[in-house]
Amino acid sequence: MKFLYLLLFIIFSTGCSSQKNIPGLEKLKTIRSFTSSNCPEDGTCQLKLTPNKSIDLKQDEFGQFYGELIDSDDILVSYSYRRNPPENAVDAHYSETYYFSIPKSTKQLDLYDADLQKVNLVVDRQCYCKGTAGFFKITSGRLSLNIKKNELTLNGIFSNEKLPLLITKVDEKVSLE
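Residues numbered from 1 in each chain as written. Predicted model: local features only at pLDDT ≥ 70, side-chain atom pairs only at ≥ 80, totals over all residues. Heavy atoms only, no water.

Engineer: Go over the overall build of the chain with me, naming the residues and quoting the values.
Structural biologist: Broken down by element type, the chain carries one helix and ten strands. For the chain, the succession of helices and strands along the chain, N to C, is α-β-β-β-β-β-β-β-β-β-β. Scored against the burial criterion, the 177 residues of the chain give a buried share of 38%. Across the chain, every contact between residues at least 6 apart in sequence was considered, and the portion connecting residues at least 24 apart equals 54%. With an accessible surface of roughly 11,200 Å², the chain has 52% of that area assigned to carbon and sulfur atoms. (Helix = DSSP H or I, 4+ residues; strand = E, 2+ residues; numbered from the N terminus. Buried < 20%, exposed > 50% of the residue type's maximum accessible area, 1.4 Å probe, protein only. Contact = heavy atoms within 4.5 Å. Areas by Shrake-Rupley, 256 points an atom, 1.4 Å probe, with all protein chains shown as cover.)

Engineer: An account of the sheet that holds strand β4 (residues 94-103) is requested, with residue identities and associated values reported.
Structural biologist: The six strands are arranged β1-β2-β3-β4-β6-β7 in an open sheet whose pairing can be described as antiparallel. Either end of the sheet is taken by a strand with one partner, and the two such strands are β1 (32-35) and β7 (134-137). For this sheet, the mean inter-axis angle between neighbouring strands, taken without regard to orientation, is 30°. Where β1 and strand β2 (residues 43-59) come together, four bridges link them in antiparallel fashion. Residue F34 lies in a different strand from β2, and its bridge partner there is L47. (Pairing = 2+ DSSP bridges. Axes fitted to C-alpha atoms, helices over the stretch in contact; angles between N-to-C directions.)

Engineer: Break down the nonpolar core for me, citing the residues and quoting the values.
Structural biologist: Membership of the largest hydrophobic core comes to 37 residues, with the highest contact counts inside it found for L49, F100, I102, L152 and L154. Listing elements by their share of this core, those giving two or more residues are β2, β3 (65-83), β4, β5 (108-112), β6 (122-127), β8 (140-148), β9 (151-159) and β10 (169-175). Here L152 is in contact with L25, L47, L49, L145, N146, I147, E172, K173, V174 and L176, once residues within four sequence places are set aside. (Core = buried A, V, L, I, M, F, W, Y, C linked by side-chain atoms within 4.5 Å.)

Engineer: Would you mind going over the state of the cysteines in detail, with residue names and values included?
Structural biologist: This structure, assessed with the given rule, holds two disulfides. What pairs with C39 in a disulfide is C45, and their sulfur atoms sit 2.1 Å apart. When the S-S torsion is 70°, as for the bridge of C39 with C45, the disulfide is right-handed. Taken as a pair, C39 and C45 share a single burial class, namely buried. Each sulfur of the disulfide joining C127 and C129 lies 1.5 Å from the other. As far as burial versus exposure is concerned, C127 and C129 are alike and both buried. What connects to what in the chain, once the bonded cysteines are numbered by sequence position, is 1-2, 3-4. (Disulfide = S-S within 2.5 Å.)

Engineer: Which residues make up the pairing of β9, and what are the values?
Structural biologist: Bridge count for β8 against β9 is nine bridges, and the pairing is antiparallel. Within the sheet, the bridge partner assigned to S144 lies in β9 and is N155. Direction of pairing for β9 relative to β10: antiparallel, over a ladder of seven bridges. Its bridge partner being in β10, E151 is matched across the sheet by S175.

Engineer: Any details on the environment of S54? Residues and values, ideally.
Structural biologist: Looking at the element boundaries, S54 is found in strand β2. Overall, the relative accessible area of 7% leaves S54 in the buried class. In contact with S54, not counting residues within four places along its chain, are E68, L69, I70, S72, D74, L76 and S101.

Engineer: Quick rundown of the pattern of salt bridges? Include the residues and the values.
Structural biologist: If charged atoms from side chains of opposite charge come close, those side chains can pair. Within the structure shown, the criterion is met by four salt bridges. A salt bridge links E68 to K58, with the nearest nitrogen and oxygen atoms 3.5 Å apart. Here E68 is found in strand β3, whereas its partner K58 is found in strand β2, with ten residues between them in sequence. (Salt bridge = Lys/Arg side-chain N within 4 Å of Asp/Glu carboxyl O.)

Engineer: A description of the sheet that holds β8 should follow, citing residues and the corresponding values.
Structural biologist: Strand pairing within a sheet occurs via backbone hydrogen bonds; the two strands may be parallel or antiparallel. Within the open sheet, the four strands sit side by side as β5-β8-β9-β10. Their pairing is antiparallel. Strands with a single pairing partner mark the edges of an open sheet, and in this sheet they are β5 and β10. Geometrically, the sheet is characterised by an average inter-axis angle of 5° between neighbouring strands, direction not taken into account.

By themselves, these are just geometric observations and shouldn't be taken as functional.
Here it is in structure tokens:
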């Protein structure tokens, strides 16, 4: 009988696997940043995951959009490109940052065109370029996100008829461990 108890103990103690390798974003507690290798040579790109935040797109009295970070149960995903400014140039800065929010339980996402607004996909274009700087909704393109075995894969193709965007394609794979 002791042998049976010992055998059951061994089976139960070794048969249960640890949950530390469960894929997903549920355990993300702090901001995670990843430098991108798929970036134009004249700048730097970064993928960032921010827990418990999302972006709310608001409009001011002049009809211009601006983004406001708000507390939420979601993960704010951002992908930014910052061009290296030429030396001794004033107002030569340029950056594009795409933002969207997803639930922490997201494992897979595949959105097209108008459905991109289900995750509030916007781009923040910062430059000295009159009329085309600021926040804009992205309603044309494709966004795909997949999480498997602690790896996040993000693919996207974006466009906006009103903007001459430099970053129109995102292709990233990062480890969440």
